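The residues making up each chain are set out below.
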Amino acid sequence: MDFRYKRIVFLTGAGISAESGVRTFRDSSGLWENHKVEEVASPSGFQKDPVLVWKFYSLRRLQAAEAKPNKAHATLANLLHDLEKSHSKATLITQNVDTLHERAYGALPDKNFLDIHGTLSRSRCTKCSKVYSDRWAYFDATGKSVDIHADDLWSNASLTCLLTTPKRNANGIPLSPCCTEQLRPDIVWFGERPQGVEKAVEELTRCDLFVAIGTSGNVQPASNFAAVARKAGAHTVCINLESPENAGAFHEHLLGTAGDKLPEFLKKI
Ligand code: OAD
């Protein structure tokens, strides 16, 4: 199969997972499960109350394991498989931490997959930064310390996988096997640098098609990606429920759900 475009970059945001029942950031009116964002998603929040942060992310892991990839994830995953067999190259950049792209694809799209905000299926040592594949929920919905394997979350075969629950400190915080220091979710928190941005920009400046799906164009640096790709000569397309903040950076706007609009659009390429 051959494609009209030779280098394609897809950027996804919370909207692509909305049809899987994963709540979008903006839908929750700035509060995450009644917590202020800075309490549960910032380095200072973790320093102040790591138990609260692990309770929050344990629930996110359990909820992510229950969510299923939807039609848009599946369409994109099939396209990525097709593109691998063609002369075109695709890169998928996601802001989502919910693991649904990896699960729809059936493996990790490896070099061409950038989760710039991290993912729920990894943890990181707070001392040496070693990253682990980690699918444990350490607290249940009532806040009780537990060891629940959120089995459906995707695990990365290229990382050390925490197959048995790691040691915990007296408060129930998991400790890293490498340094016996606190583990933290490998999620990019507010005030932290997104991961893999240099690689993303490299792909953006070389692509001939850029497609943003389900992202409001509010959150940096991803909100700049369409402008970077357009400046480099790419055709830029936005698939979103409503017009995004960075609407001016797109040549084409397809307003509607990702599940409807993405398959329609892909027929054209
Ligand atoms: P936002 O919540 O800011 O925007 C989601 C966008 O998706 C909105 O513009 C919605 O209109 C649109 N949308 C909702 N349902 C849709 C559907 N079924 N099909 C298509 N579009 C739909 O999310 P992002 O732009 O991704 O991280 O925000 C970036 C990131 O900021 C988020 O991933 C969030 C935060 O860091 C986390 O939640 C972990």
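In this text the structure is predicted, and so the values were computed from the model without any measurement.

The next thing to look at is the overall build of the protein. Looking only at helices and strands, the protein has 8 helices and 14 strands in total. Principal-axis analysis of the C-alpha atoms places the extent of the protein at approximately 55 × 40 × 30 Å. Taking all 269 residues of the protein together, the buried fraction comes to 52%. A fraction of 66% describes how many contacts in the protein between residues 6 or more apart in sequence connect residues 24 or more apart. Carbon and sulfur atoms make up 51% of the accessible area of the protein, which amounts to about 12,400 Å² in all. A gap of 3 Å separates the mean positions of the 33 positive and 31 negative side-chain charges of the protein.

With that out of the way, let us pick up the pairing of strand β12 (residues 209-213). Most of β12 sits inside the fold, with 5 of its 5 residues counted as buried. Alternating residues of β12 divide into L209, V211 and I213 and F210 and A212, and every residue in both groups is buried. Alignment of β12 against strand β13 (residues 235-240), held across 5 bridges, turns out to be parallel. Each bridged residue has a counterpart across the sheet, and for V211 the counterpart in β13 is V237. The parallel pair β12 and β13 is bridged by helix α7 (residues 225-231), and the resulting crossover is right-handed.

Here we come to the layout of surface pockets. Here the second largest pocket is characterised by a volume of approximately 270 Å³. Lining the second largest pocket we find 17 residues, and of these L108, F113, D115, R122 and N156 sit closest to its centre. Considered class by class, the residues forming the lining of the second largest pocket number 6 nonpolar, 7 polar and 4 charged. Counting the residues that make up the lining of the second largest pocket, at least three belong to each of domain 1 (1-22 + 69-117 + 194-269) and domain 2 (24-66 + 119-187).

The next thing to look at is the state of the cysteines. Applying the stated criterion across every chain, the model contains 0 disulfides. Left unpaired, C161 is separated from the closest cysteine sulfur, that of C178, by 15 Å. We note that C178 lacks a disulfide partner, and the nearest cysteine sulfur, in C128, lies 3.6 Å from it.

The next point concerns the domain arrangement of the protein. Interface extent is often summarised as the accessible area lost during association of the parts. The domain boundaries assigned to the protein delineate domain 1 (1-22 + 69-117 + 194-269) and domain 2 (24-66 + 119-187). Between domain 1 and domain 2, the residue contacts involve 18 residues of the former and 16 residues of the latter. Approximately 1,300 Å² of surface area, both sides summed, lies buried where domain 1 meets domain 2, with 55% of it carried by carbon and sulfur atoms. Applying the counting rule to domain 1 against domain 2 returns 1 salt bridge. D115 serves as the salt-bridge partner of R122, at 3.2 Å between the closest nitrogen and oxygen. On the surface where domain 1 and domain 2 come into contact, there are 5 residue pairs in polar contact (both at pLDDT 80 or more). Across the side of domain 1 that touches domain 2, the residue classes tally to 7 nonpolar, 7 polar and 4 charged.

Now for unusual backbone geometry. In this model, Q220 is joined to P221 through a cis peptide bond whose omega is 0°. If you trace the backbone, P221 turns up in the loop between β12 and α7. Within the chain, T99 stands out as a residue other than glycine whose phi angle is a positive 70°. With respect to the element layout, T99 can be found in the loop between β4 (89-94) and α5 (100-105).

Inspection of the secondary structure puts V53 in helix α3 (residues 50-66). Its relative accessible area of 0% is what places V53 among the buried residues. For the pair V53 and S42, spaced 11 residues apart in sequence, the C-alpha separation works out to 9.2 Å. If near-sequence neighbours (up to four positions away) are discounted, V53 is found in contact with E39, V40, G45, F46 and W189.

Analysis parameters
- Residues numbered from 1 in each chain as written.
- Predicted model: local features only at pLDDT ≥ 70, side-chain atom pairs only at ≥ 80, totals over all residues.
- Heavy atoms only, no water.
- Helix = DSSP H or I, 4+ residues; strand = E, 2+ residues; numbered from the N terminus.
- Buried < 20%, exposed > 50% of the residue type's maximum accessible area, 1.4 Å probe, protein only.
- Contact = heavy atoms within 4.5 Å.
- Areas by Shrake-Rupley, 256 points an atom, 1.4 Å probe, with all protein chains shown as cover.
- Lys, Arg positive; Asp, Glu negative; His and termini not counted.
- Charge placed at Lys NZ, Arg CZ, Asp CG, Glu CD.
- Pairing = 2+ DSSP bridges.
- Right-handed = clockwise from strand over helix to strand, strands pointing away.
- 1 Å grid on protein atoms, 1.4 Å probe; cavity = no way out; pocket = protein on both sides within 12 Å on 5 of 7 lines; lining within 4 Å.
- Points joined across faces, edges and corners; volume = space filled by probe spheres on them.
- Nonpolar A, V, L, I, M, F, W, Y, C, P; charged D, E, K, R; others polar.
- Domains from an automatic or database assignment.
- Disulfide = S-S within 2.5 Å.
- Buried area = accessible area lost by both parts, 1.4 Å probe.
- Salt bridge = Lys/Arg side-chain N within 4 Å of Asp/Glu carboxyl O.
- Polar contact = N/O pair within 3.5 Å; in protein donor to acceptor, adjacent residues only side chain to side chain.

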